[in-house]
Amino acid sequence: MLARKLFSQILILFCLAAAITAQAQSLPNVTILATGGTIAGTGATSTTTVGYTAAKIGVEALIDAVPELKKVANVKGEQVFQIASENMNNEYWLKLAKRVNTLLSQSDVDGIVITHGTDTIEETAYFLDLVVKSRKPVVIVGAMRPSTAISADGPINLYNAVLLAGSKEAVGKGVLVTLNDQINAAREVTKTNTSTLDTFKTPELGYLGYIQGSKPFFYRQSTRKHTVESQFDVSGLDQLPQVDIVYGYANMNPIALNAFVAAGAKGIIHAGVGDGSLNNTVLPSLVEARKKGVVIVRSSRVGQGIVARNGEADDDKLDFVVSDTLNAQKARILLMLALTKTTDTKEIQKIFWEY
Ligand code: DGL
C-alpha cells in the first residue's frame, strides 16, 4: 500500500516536471541587460515622481518584481552597468553593443531587452539599430516613474518589453523602444515630454504599433537600413570619432563651434533654425572647420521634416552634408559611425540618405 502511494507521488512529480520542462521549452529565451535609469530608481515616498534617485535597483530585483515574466519567456538578467542615462557615453555604448551581439549569436537567446534611463533611450536605441548584427528582437525599455511610486510604469513596461522581445512579430523590425503600450522605431523615436508616461513618440511618422492584451500589433515598419543591412561594425572598435553638436538660435556666435574644432572634433552637427539655416556669424567658422577636414552636417533644431540639400545653404559649394530627417542627436550617431568607414562627404551624404 505504502509502496503504491509512494509510486503514485513519484509519478505525479515526474509528470509535473515534464510539464514544466515542456512549458519552458515552448517559451522564448529572453536576456534582460540592465543599465540603470528610473525603471531602477527609488524615491523617498510612494508619491515621489520627481526628485528620486535613478539607477538604484539591480536586474534580479527588477525581474523578481514581475513574476508574470515567467509566463511569456524564460528570462535571464545581466547588470551591464548601473547609471542614470544622462551619463551615457560612447564607451558604455560599445560595451553594450558588443554584449548584445555576443548574446544574439547564441542559439539559446531569442531576444534581448535593455532596461535604460529615458533621457537617452532614443540615442542608445539608434546606435544599436546601426550596429546590432542580428534580426532577433532588441527592445529598449524604461520608465517615467521610479519603482517605489504609486502606479509605477516600470513593471508593465518591462513585461511588455519581454513579450515583445520574445515575439515573432518583432523579428527583423530593427531595435524597438516600448513604453506605455506603444512600439516605436529606433530611428525616429524621441522623448517629447519631460515627465509624462506617454513621452516617447514618433511625431508625424507615427508609432510602429501597440502592445495590447499581452500581444504586439504592428502597422508599419522602418524603410531605412538597420541591423543586418548595416555596414557598421563595432566589434573591433574601442573608441568612436568625436562628433559634437552646435545649437542654432537668434544672436548665435561661433564660440562653442570653434572650441569643439580646437578640441579635435572630427565632425560637427549644426542643429540650425528652420530648415537647417546657418547664422552669418558661424558660417565662416564652419567653412574654416571644413577646410581642416571636419565633416559638417546640417541638421535642424525643429525636429521634424527633411533638411533640404542646397536649400538654406549651398551644400555642394560648401561641401556640407544634410541630415535628411534625423534630429541632431541622431545625426551625431550616424556621423560618428560613418566616420569609422569614410571621410568622403559624398559617401557620407549617401549614408544619410540610406539609413
Ligand atoms: N536620470 C534620468 C535617466 O536616467 C531619469 C529619467 C528616466 O530614466 O526616466 O534617464
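Structural data are supplied above this passage.
Reading the values: the criteria
Residues numbered from 1 in each chain as written. Predicted model: local features only at pLDDT ≥ 70, side-chain atom pairs only at ≥ 80, totals over all residues. Heavy atoms only, no water. Near = heavy atom within 4 Å. Polar contact = N/O pair within 3.5 Å; in protein donor to acceptor, adjacent residues only side chain to side chain. Areas by Shrake-Rupley, 256 points an atom, 1.4 Å probe, with all protein chains shown as cover. 1 Å grid on protein atoms, 1.4 Å probe; cavity = no way out; pocket = protein on both sides within 12 Å on 5 of 7 lines; lining within 4 Å. Sits in = over half its atoms within 2 Å of the grid points. Nonpolar A, V, L, I, M, F, W, Y, C, P; charged D, E, K, R; others polar. Salt bridge = Lys/Arg side-chain N within 4 Å of Asp/Glu carboxyl O. Buried < 20%, exposed > 50% of the residue type's maximum accessible area, 1.4 Å probe, protein only. Helix = DSSP H or I, 4+ residues; strand = E, 2+ residues; numbered from the N terminus. Contact = heavy atoms within 4.5 Å. Core = buried A, V, L, I, M, F, W, Y, C linked by side-chain atoms within 4.5 Å. Pairing = 2+ DSSP bridges. Axes fitted to C-alpha atoms, helices over the stretch in contact; angles between N-to-C directions. Parallel < 35°, antiparallel > 145°, perpendicular 65-115°, else oblique. Left-handed = near helix turned anticlockwise from the far one by under 90°.

## Regarding the site of the ligand
No. 1: Close contacts around the ligand come from Gly37, Thr38, Tyr52, Ala84, Ser85, Glu86, Gly117, Thr118, Asp119 and Ala143, and that covers them all.
No. 2: Glu86 places a side-chain nitrogen or oxygen 2.7 Å from a nitrogen atom of the ligand.
No. 3: In isolation the ligand offers 290 Å² of accessible surface; the protein chains occlude 91% of this area.
No. 4: Because more than half of its atoms lie within 2 Å of the grid, the ligand is assigned to the largest pocket.
No. 5: Among the residues making up the shell around the ligand, the classes are represented as three nonpolar, five polar and two charged.

## What to know about the pattern of salt bridges
No. 1: By the definition in use, this model includes 13 salt bridges.
No. 2: Among the ionic pairs, Asp198 bridges to Lys201, the shortest N-O distance being 3.3 Å.
No. 3: You can call Asp198 partly exposed: its relative accessible area is 32%.
No. 4: Owing to a relative accessible area of 27%, Lys201 belongs among the partly exposed residues under this scheme.
No. 5: Of the charged contacts, one joins Glu354 and Lys350 as a salt bridge, the two residues approaching to 3.1 Å between their closest N and O atoms. Of this pair, Glu354 and Lys350 both sit in helix H11 (residues 345-354), four residues apart, roughly one helical turn.
No. 6: Among the residues examined, Lys350 registers a relative accessible area of 43% and is labelled partly exposed.
No. 7: Connected through salt bridges with shared partners, the residues Arg187, Glu188, Arg224 and Asp324 form a single ionic network.

## Remarks on the side chain of Ser323
No. 1: If you trace the backbone, Ser323 turns up in the loop between strand E14 (321-322) and helix H10 (328-338).
No. 2: Setting aside its immediate chain neighbours within four residues, Ser323 contacts Val297, Arg298, Ser299, Val307, Ala331 and Phe352.

## Regarding the nonpolar core
No. 1: If you look at the biggest cluster of nonpolar residues, it comprises 55 residues, and the most contacted ones within it are Phe127 and Leu128.
No. 2: The element best represented in this core is H10, accounting for eight residues.
No. 3: With residues up to four places along the chain from it excluded, the contact list for Phe127 reads Trp93, Leu94, Ala97, Val234, Leu240, Ile333 and Leu337.
No. 4: Counting residues in each nonpolar core, the second largest holds 31 residues, with Leu69, Ala73, Ala185 and Leu208 among its members.

## Thoughts on the pairing of strand E10 (residues 215-218)
One face of the sheet, then the other: side chains in a regular strand alternate in exactly this way.
No. 1: Only one face of E10 is covered, namely the face carrying Pro216 and Phe218; the face carrying Lys215 and Phe217 is uncovered.
No. 2: In the sheet, strand E9 (residues 209-212) pairs with E10 via four bridges, with the strands oriented antiparallel. The residue bridging Ile211 from the neighbouring strand is Pro216, located in E10.
No. 3: Here E9 folds back onto E10 in antiparallel fashion, the turn holding two residues, of which Gly213 has a positive phi close to 55°.

## Things to note about the packing of H10 against H11
No. 1: Between H10 and H11, the least distance of the axes is 10 Å, while the angle of their chain directions is 135°. Considered as vectors, H10 and H11 are oriented oblique to each other. Crossing of H10 over H11 shows right-handed handedness. Contact residues: Ala331, Leu334, Leu335 and Ala338 in H10; Ile348, Ile351 and Phe352 in H11.
No. 2: Class assignment for the residues of the contact of H10 with H11 results in seven nonpolar, no polar and no charged.

## Digging into the sheet that holds strand E3 (residues 111-115)
No. 1: Sheet architecture is open: eight strands sit in the order E2-E1-E3-E4-E5-E6-E9-E10, paired in mixed fashion. Looking at the sheet topology across the chains shown, the edges are occupied by strand E2 (74-83) and E10. Averaged over all neighbouring strand pairs, the angle between strand axes comes to 25°, with direction disregarded.
No. 2: Running over the sheet, helix H5 (residues 121-131) touches E3, strand E4 (138-141) and strand E5 (176-179) and is turned about 170° from E4.
No. 3: Sheet strands in contact with helix H6 (residues 154-165) are strand E1 (29-36), E2, E3, E4, E5, strand E6 (182-185), E9 and E10, and its direction is about 155° off that of E3.

The values are spatial; any link to function lies outside them.
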